[in-house]
Amino acid sequence: MTLISFVVPAFRVQGYLRECLDSILGQPMTDVEVIAVDDCSPDASGEIIDEYAARDRRVRSVRLPENVGLGPARNVGLDRAVGEYVWFLDGDDWLAPECLPAVAERLRATSPDVLLVDHVRTHWNDTVTRSAMAEVFPESPGAATFGLRERPEAMRLLHTAWNRLVRRQFLVELGLRFAPGWYEDVSFSYPVLMAARRIGVLDQVCVNYRQRRAGAITRTRGDRHFEVFPQWHRVFHLMDEWGPATDALRPAVFERMIWHYLTVLGNGQRIAPELRPAFFAQITADYARWLPAGGYPVPDGVEGVKHRLVATGRWRTFSALRAASRARDTARRQARTARRRVGPVARRGARLTRDGLLREYYRAELRRPVDPTLAVYAAYWFRGYSCNPAAIYEVARRLAPGVRGVWIVRRDRVDEVPAGVEYVVAGTPAYYRALARARWLINNVNYPDFVRKRPEQVHVQTHHGTPVKVMGLDQQRYPIGAGRMDFAGLLRRVDRWDYSVSSNSFSTQMWDRAYPATYTTLEVGYPRNDRLVTAGADEVRRLRAEFGFAPDEQVVLYAPTHREHLPGYRPPFDPDRLVEALGEAGRLLMRSHYFHDRDRRPGRPVDRERVRDVSGHQRVEDLYLVADVLITDYSSAMFDYAVLDRPIVLYTPDWEAYRLARGVYFDVTAEPPGAVVTTFADLLDLFRTDAVRSDAAAKARAHFRGRFCTLDDGRAAERVVRRVFLGEPAEWRCSADRDVPRPVA
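Small disclaimer: the values here were computed from a predicted structure and weren't measured.

**Some thoughts on unusual backbone geometry**
Working step 1: Unlike most non-glycine residues, Tyr-183 shows phi in positive territory, near 60°.
Working step 2: Within the secondary structure layout, Tyr-183 lies in the loop between α6 (168–174) and α7 (186–195).
Working step 3: A positive phi angle is found at Asp-645, which is not glycine, with a value near 55°.
Working step 4: If you trace the backbone, Asp-645 turns up in the loop between α23 (637–641) and β21 (648–651).

Below, the structure written as structure tokens:
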């Protein structure tokens, strides 16, 4: 018999859903099932659920034809559950490793109607804060079960559905369902506790409650927060139906209601200022309506003052006291900040450098009007004209001729800018002026921290690869690879984004998780890959001729990635032995990661007849087009080159070390784009035997292309230009609430 049925509703949680499901399925227990409900999510949540259901029989996929909301979606899962207990886990939260054996042991030993488990709040910076479990139960109840009348303090635990397991037959007999609307946990969690005869507490952290920066209702302003009132009304109506048996609990339930209302009202991210008086008035009305005949335990201190102001409907006094408290807190923060800045400010004032003068110039330019025709482009920290921004620039010149494109380049890269492309040199007055006044800012990395995005400006983040290695906030879990990365600064930069260009659904999911903010995702394919799709045989022949390659020569491109955790590391690789394995017609191109551009010197490696260093070649797309085979490891080059449907070899001598130290999003050795080898000797044998082109390698490549390359149809840059510069959504298939457009097939 299945012990636990997990019900996991999914709506706009594509960036977190895999972690949630993995945390369940990776537990050392098998007698569980997962009923994952796609609540008609506009992102890839449904596809992720289907993927897991296809490979694990414990997962059941439910796809709803229309969005019903969190409560009704949970009901759908509950109706399909067969486990003895039901656990409602939200799709953006996850279980603590190896917590289920302790949960199962407690369930089997005590047979509770409800088992409350502990949780932690997990923040974006990977810090955690404990729940109120230790405060509510200073001494652990142990394995003993109890009724709510015996321990009414249990109601002071967070009133969510995911921190409790409920016996399924108990729920069926009670007939309790989740109500529609926001704050649906209220009208479920409190009645469950009131009706339960046997409540257990497991004071072990089992759930990581993700504190999302964007997308959570607790961070969404609007009048839907008024839905908290009917949810609490349902609680009191149920108590009326259940009669005198609940009378003793009314004071404690009432206190929780007023506490909850004041919590919602006090959160500036939920109730807009113009809605506060009406929200307060409704609290006062509910206070009068549901006040127990014998009163209730009014809190001490400031909280008690709030309760008394609510009872008398004194909104102006309440508001004034709140404003005074906020002003006092602000003054304290400013004083602390001023004390920290005195030293640096004094030192900066003692020497006004050239950079300081230019920053002052930049701030002055910010006060001038935005140029409605100017678009500024950059790539790889101003390393030149390349990648997705270059592809967008070229299409914008054709489709949006009224937009003037200007590139930012480093001084040592000026000679590589194509003729006819306007540019400014990084660090000059023209550079600061362009950043301050451009209407559009397009980049495949982030602009420097000093850049302030004005309200009239549009920031387009194109990225520069499909991620194998973990990125953004996820790097916090791999400190060796993250180095001294400033994650708070990263989020400030991410908050400047208006659009995030994504090459495939997988990338969209990972960007949502690694870079949580309110940007709009353009899932359109990679603009830089348009050329790989549209280049014909004539262009390939021309490029090969420019490189000096004969039509019958086999050209192999070797492009390994950078190891942040191992500076200077290079995989074992002997170019002479490889070209020998290729035969007389073999040629080898070697390209290092762009992070190594400043230490390039002539002769690293030495150019010779059959081996050539192409690290300095500006357009990597040229190299892809002339190459017959790509050798790489964990580089995003594999995703781009796969567009050409040519053989790819993964040479991964340090896979286990890389995976553990740097962190990866998926196992490329298990889902490769072709053949995989881990030693240089095996790499040589692969080419000697021509296993590079085996049926197994071709099959792996086809699967890989089906997952990652379906959007690369040669029009990705056009779709970006039409959306960003021209405001034309005609090529997009979108629902009213969808912010992840996909191209029409």
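**Topic: the pairing of strand β1 (residues 4–10)**
Working step 1: With 7 of 7 residues buried, β1 is to be regarded as a mostly interior element.
Working step 2: Side chains of β1 alternate between two faces, with Ile-4, Phe-6, Val-8 and Ala-10 and Ser-5, Val-7 and Pro-9 buried alike.
Working step 3: Pairing between β1 and strand β4 (residues 85–88): 4 bridges, direction parallel. Among the inter-strand pairings, Ser-5 is bridged to a residue of β4, identified as Val-86.
Working step 4: Where β1 lies against strand β2 (residues 32–38), 7 bridges are found, and the strand directions are parallel. Residue pairing across strands places Ala-10 opposite Asp-38, the latter belonging to β2.
Working step 5: Once you follow β1 into helix α1 (residues 17–25) and on to β2, the crossover reads as right-handed.

**Here we look at the sheet that holds strand β14 (residues 458–461)**
Strand pairs in the sheet, formed through backbone hydrogen bonds, run parallel or antiparallel to each other.
Working step 1: Reading across the sheet, the 7 strands line up as β12-β11-β10-β13-β14-β15-β16 and stay open at both edges, with parallel pairing between neighbours. Every interior strand has two partners, whereas the edge strands, β12 (423–425) and β16 (520–523), have only one. Taken pair by pair, the neighbouring strands of this sheet meet at an average axis angle of 25°, ignoring direction.
Working step 2: Judged from the 5 bridges that link them, strand β10 (residues 371–378) and strand β13 (residues 438–443) form a sheet pairing that is parallel. Of the residues in β13, the one forming a bridge with Tyr-377 is Ile-442.
Working step 3: Across the sheet, helix α14 (residues 387–399) lies against β10, β11 (404–409) and β13, angled at about 145° from β10, the strand it touches most.

**Considering the pattern of salt bridges**
Working step 1: Taken as a whole and assessed by the stated rule, the structure comprises 54 salt bridges.
Working step 2: Of the charged contacts in the structure, one is a salt bridge between Glu-656 and Arg-659, with a shortest N-O distance of 2.4 Å. Of this pair, Glu-656 and Arg-659 are both found in helix α24 (residues 655–662), 3 residues apart, which corresponds to roughly one turn of the helix.

**A closer look at the sheet that holds strand β19 (residues 611–613)**
Working step 1: Read from one edge of the open sheet, 6 strands run β19-β18-β17-β20-β21-β22, paired in parallel fashion. Looking at the sheet topology across the chains shown, the edges are occupied by β19 and β22 (675–677). Ignoring strand direction, the axes of neighbouring strands in this sheet form an average angle of 20°.
Working step 2: Where strand β17 (residues 554–558) lies against strand β18 (residues 586–590), 5 bridges are found, and the strand directions are parallel. Across the sheet, the residue bridging to Gln-554 is Gly-586, located in β18.
Working step 3: Where helix α21 (residues 575–582) meets the sheet, its contacts fall on β17, β18, β19 and β20 (629–632), and the angle it forms with β18 comes to roughly 145°.
Working step 4: In the packing of helix α25 (residues 680–688) onto the sheet, contacts are made with β17, β20, β21 and β22, and the angle to β21 comes to roughly 165°.

**Side note on the side chain of Arg-610**
Working step 1: In this structure, Arg-610 sits in the loop between β18 and β19.
Working step 2: In this structure Arg-610 is buried but unpaired, with Glu-584 as the nearest side chain of opposite charge at 4.5 Å.
Working step 3: A polar contact is formed between the side chain of Arg-610 and the backbone oxygen of Gly-583, at a distance of 2.3 Å.
Working step 4: Setting aside anything within four residues of it in sequence, one finds Arg-610 in contact with Val-579, Glu-580, Gly-583, Glu-584, Gly-586, Arg-587 and Leu-588.

About the thresholds
Residues numbered from 1 in each chain as written. Predicted model: local features only at pLDDT ≥ 70, side-chain atom pairs only at ≥ 80, totals over all residues. Heavy atoms only, no water. Helix = DSSP H or I, 4+ residues; strand = E, 2+ residues; numbered from the N terminus. Buried < 20%, exposed > 50% of the residue type's maximum accessible area, 1.4 Å probe, protein only. Pairing = 2+ DSSP bridges. Right-handed = clockwise from strand over helix to strand, strands pointing away. Axes fitted to C-alpha atoms, helices over the stretch in contact; angles between N-to-C directions. Contact = heavy atoms within 4.5 Å. Salt bridge = Lys/Arg side-chain N within 4 Å of Asp/Glu carboxyl O. Lys, Arg positive; Asp, Glu negative; His and termini not counted. Polar contact = N/O pair within 3.5 Å; in protein donor to acceptor, adjacent residues only side chain to side chain.

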